[in-house]
Amino acid sequence: MTNLATKCRNVIRLLHRHCAAINESLFSKSNGLHPALALDVAAPPSFKQQPSKPFSLNDLFADNIFWAAVPKKRRSYAKKWTRRFGPDKIRKFMTPRINLVSCLECGTWHERHSICGSCYEKVREETKAMQSSMNPEEFHYNHPRSEVAYVFHGEDANDHPDKYIVEVDKPRPDWWPKHMLTKGHGKYS
Amino acid sequence: MLRFGIRNRPRRLSKAMGRKEDGHGTGPPGRLERMTIIVNSLVRHERIEGSHQYMDEARGYTERLLQIAAQGDKNHEAMDVANYWLKDKDLIHKLFKVLVPRYENYTTCATRMWTLPVEYPGGKNKTSILELKGNPWPPVVPNPRNNSKSLINVLLHNAKKDYRSASKDGTPV
Ligand SMILES: [Zn+2]
């Protein structure tokens, strides 16, 4: 008896979960049924695009709605609250962080062993902009066979002999380190 | 010989290419397949981001690939290795014509790794940046602070100098 009750409850739960789909299949306008019981909300675009078919029970079985995994046993309150606020969560959220430092440039907090995330964000965007300025066919399928020089606005391409020149459609950012623009500074310049 | 610190134990990464239909991982072949994908991507992009354990494993393979490729494209072994690790064949030209000359005179390793910060509360997995040195992209840390003149560093530097001069003389420190 209990088993039967559980199954019935599961079926009701399933129907409730997928009521939007069932509602659509039952009361779609092309079927000619009266939409009085339809939900008074705009249907998501995926439902609108789908060609509406006449409703049949076979569809429910075929769509795995009936066979979807559902919880079999009720989870007790003790376990539920332990999962939500138990020792694991206390260790995760309430232990003080002692390895945080503040970025000297922008003040964002980050771990001591890591770089500053918000400072790296602009580097990442700049890198993506530079990569997209090269012809994607060449970048992804026929990479240049020499060193690549990215020439920003107002720079001379003749400064880079024997290099593959890529022109970037904007001026070089202010924060670009100056020592990388002069020759003969470092060991491998 | 690799020019950077490596982990004692290799990571098995048995589920590097996901799971098969029977529920098991793809094992060592899948691990190598994933490594080839990462190395291929690194040689093309010169800076990639990803899970720390995968980046760290792929780093060693990249270094070894560059060292073997330094023998030149006339060498059969080097060509075979490059052919295995670089699935996109246009990158083989890049390897021998761009990267090998670039790292010819390097006394350090050719790659560099950075750790990205985690989002609160974070987990045990870190995200990392793996890059080839000498790439054309803007530097990851654009203008790093020069801390060599801070008091602690000056004191440490002089203590180090004293220690070295004393141990050279043979006097006990
Ligand atoms: Zn910052």
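Notes on the structure follow.

Cut-offs and rules
- Residues numbered from 1 in each chain as written.
- Chains lettered and ligands numbered in written order.
- Predicted model: local features only at pLDDT ≥ 70, side-chain atom pairs only at ≥ 80, totals over all residues.
- Heavy atoms only, no water.
- Core = buried A, V, L, I, M, F, W, Y, C linked by side-chain atoms within 4.5 Å.
- Buried < 20%, exposed > 50% of the residue type's maximum accessible area, 1.4 Å probe, protein only.
- Helix = DSSP H or I, 4+ residues; strand = E, 2+ residues; numbered from the N terminus.
- Contact = heavy atoms within 4.5 Å.
- Pairing = 2+ DSSP bridges.
- Axes fitted to C-alpha atoms, helices over the stretch in contact; angles between N-to-C directions.
- Salt bridge = Lys/Arg side-chain N within 4 Å of Asp/Glu carboxyl O.

## Looking at the nonpolar core
Thought 1: Among the nonpolar cores identified, the biggest contains 33 residues, and Leu86(B), Leu95(B), Phe96(B) and Leu99(B) are the most heavily contacted of them.
Thought 2: Elements represented by at least two residues in this core include exactly α1 (27-45), α2 (52-69), α3 (76-85), α4 (90-102) and β3 (127-132) of chain B.
Thought 3: Setting aside chain neighbours within four positions, we find Leu99(B) in contact with Val43(B), Leu66(B), Lys94(B) and Leu132(B).
Thought 4: Counting 10 residues, the second-largest nonpolar core is a separate cluster that includes Met130(A), Val166(A), Trp176(A) and Trp137(B).

## Some words on the sheet that holds β3(B)
What holds strands together in a sheet is hydrogen bonding between their backbones, with the strands either parallel or antiparallel.
Residues and elements named next belong to chain B.
Thought 1: Taken in spatial order, the 3 strands of this open sheet run β1-β3-β2, and their pairing is antiparallel. Because the sheet does not close on itself, it has two edges, and the strands there are β1 (47-51) and β2 (111-115). Between one strand and the next, the sheet's axes are offset by a mean angle of 25°, whatever the strand orientation.

## Quick look at the pattern of salt bridges
Thought 1: Inspection of every chain in the model, using the stated rule, returns 16 salt bridges over all chains.
Thought 2: Across the pair Arg102(B) and Glu147(A) runs a salt bridge, and its minimum N-O distance is 2.9 Å. Pair noted here: Arg102(B) is in helix α4 and Glu147(A) is in the loop between α8 (136-141) and β3 (148-151), and the two residues belong to different chains.
Thought 3: One salt bridge in this structure joins Lys94(B) and Glu46(B), with 2.9 Å as the shortest N-O distance. Here Glu46(B) lies in the loop between α1 and β1 and Lys94(B) lies in helix α4, a separation of 48 residues in the sequence. Considered together, Lys94(B) and Glu46(B) belong to a single accessibility category, that of buried residues.
Thought 4: Each of Glu147(A), Glu46(B), Lys94(B) and Arg102(B) takes part in salt bridges that share partners, so that together they form one network.

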